[in-house]
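Listed here are the chains, written in short residue letters.
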Amino acid sequence: MTNATASDLQQVMALVARLPPSNPLFDGEDKKFLGWILSIEAKLLSVGIEPCFLSTGSTVATEADADGIKLTSGKILPASGLRQLDASIFAMVAQSLSGVPLVTIGRLERSGIKALQALQERYAPSSTEHINRLKADLRNIKWDRQDNVESFMLRVATLHSQLAASGFDFPEADIGNIVQAALPDRFDVCMRFLLRADQHPSIAKITSELLEEERLHNHRKQRQEVVVESAMAVSERPMHTKTCCPPRGKVTCAFCNIAGHCAQRCYKLANAKKHGLIDPADIVHNLRSHAKRTISSK
């Protein structure tokens, strides 16, 4: 391989400077990293730079500083001319990041190669740092206020799947204890019975049991709310209903002439009507006539 000339270096640097940032920016979401790093590799290839330093591990930066950067043309950019080019790559990478990833490379020296390697070590599925972070996230998972069983267990299953995809076999025996420690108290009895019956339940089985417990809990809660609402409705009813008669001390029955009740509540009148001893229509007529005579006499 031959060394690139100063003219080759200037040409590559000019092309790198015109590279647009990746869209969308990488914000630290693990599942987006592979797509993002592939777009960066494609940009570097488009200006003639072999991105081999992204796949050989943490010692590549030292080797690249010593031996230079390989171009797609087969030439080598010598280490003596790399500093400016490396800084241009760093600027392009920084413009393609946001959030935690941007803060991460901001703590490093202004080297595009080392920045990309640091991001790969942190976010690449097979990296040690990435696996350790996923393990910590799973072991320290918490039940959020807005969680239900479905959303919480989906987060557990996602972390477990990401670890499996990274080549790490997280002990399934630990999942039950992790879930039990994170759940609200209302699921404690359910989890105790589940773990007593099966010391190593699968995520699918835990999810199924918890969904049923949540359904029963919501049903009991709804019934309690109905009972409370009914009790409140009864308590709000008026204690006394309006009667057709004046107070007992101010009324005398027009049928039996006894004070304390009206004819509508007179038992003697009711018994007389029951046994056919009187004609109700005739009684009403007489009472009305009596009332009219009383009024006219006044």
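The rules behind the values
- Residues numbered from 1 in each chain as written.
- Predicted model: local features only at pLDDT ≥ 70, side-chain atom pairs only at ≥ 80, totals over all residues.
- Heavy atoms only, no water.
- Helix = DSSP H or I, 4+ residues; strand = E, 2+ residues; numbered from the N terminus.
- Buried < 20%, exposed > 50% of the residue type's maximum accessible area, 1.4 Å probe, protein only.
- Contact = heavy atoms within 4.5 Å.
- Areas by Shrake-Rupley, 256 points an atom, 1.4 Å probe, with all protein chains shown as cover.
- Core = buried A, V, L, I, M, F, W, Y, C linked by side-chain atoms within 4.5 Å.
- Salt bridge = Lys/Arg side-chain N within 4 Å of Asp/Glu carboxyl O.
- Phe/Tyr/Trp six-rings, centres within 6.5 Å; stacked < 30°, edge-to-face > 60°.
- Lys NZ or Arg CZ within 6 Å of the ring centre and 35° of its normal.

A.B. asks: Tell me about the overall build of the chain, and please be specific about residues and values.
C.D. replies: Along the backbone of the chain there are 13 helices and two strands. Counting only residues that meet the buried cut, the chain has 34% of its 298 residues in that class. At a minimum sequence separation of 6, the contacts of the chain that also span at least 24 residues come to 52%. When the accessible area of the chain is evaluated, it comes to approximately 19100 Å², of which 54% is carbon and sulfur surface.

A.B. asks: Can you break down the environment of Cys190 residue by residue, with the values?
C.D. replies: Inspection of the secondary structure puts Cys190 in helix α10 (residues 188-197). Cys190 sits in the buried class, given a relative accessible area of 12%. With 10 residues separating them in the primary sequence, Cys190 and Gln180 have C-alpha atoms 9.4 Å apart.

A.B. asks: Account for the nonpolar core, with residues named and values stated.
C.D. replies: Where a protein is soluble and globular, its nonpolar side chains tend to be buried together. Of all hydrophobic cores here, the largest spans 31 residues; its most connected members are Trp36, Ile49, Leu85 and Val93. With six residues, helix α4 (residues 82-94) is the single largest residue contributor to this core. Filtering out sequence-adjacent residues up to four positions away, Leu85 remains in contact with Leu9, Val12, Met13, Val16, Ile49, Ile69 and Leu77.

A.B. asks: If you had to explain the pattern of salt bridges to someone new, which residues and values would you point to?
C.D. replies: All told, the structure shown has 13 salt bridges when counted by the stated rule. Close ionic contact of Arg155 with Asp144 constitutes a salt bridge, the shortest N to O distance being 3.7 Å. Of this pair, Arg155 sits in helix α8 (residues 149-165) while Asp144 sits in the loop between α7 (128-139) and α8, placing them 11 residues apart in sequence. By relative accessible area, Asp144 is classed as partly exposed at 31%. Several salt bridges converge on common partners, so that one network encompasses Glu29, Lys31 and Lys32.

A.B. asks: So what's going on with the side chain of Ser88? Residues and values would help.
C.D. replies: Relative to the helices and strands, Ser88 resides in helix α4. Assessed through its relative accessible area of 19%, Ser88 is described here as buried. Contact partners of Ser88, with chain neighbours within four places excluded, come to Met13 and Val16.

A.B. asks: Could you give an account of the packing of aromatic side chains, with specific residues and numbers?
C.D. replies: Summed over all chains, the structure comprises eight aromatic pairs. Ring centres of Trp143 and Phe152 lie 5.4 Å apart, and the angle between their planes is 45°; this geometry places the pair in the tilted category. Taken as a pair, Trp143 and Phe152 share a single burial class, namely buried. Ring centres 5.8 Å apart and planes at 50° place the aromatic pair Trp143 and Phe187 in the tilted group. Within this pair, whereas Trp143 is found in the loop between α7 and α8, its partner Phe187 is found in the loop between α9 (172-182) and α10, the two being separated by 44 residues in sequence. Just as Trp143 is buried, Phe187 falls in that class too. An aromatic cluster is defined as three or more aromatic residues linked by ring pairs; in this entry it consists of Phe26, Phe33, Trp36 and Tyr123. Taking NZ or CZ as reference, Arg196 lies 5.9 Å from the ring centre of Phe193, over its face.

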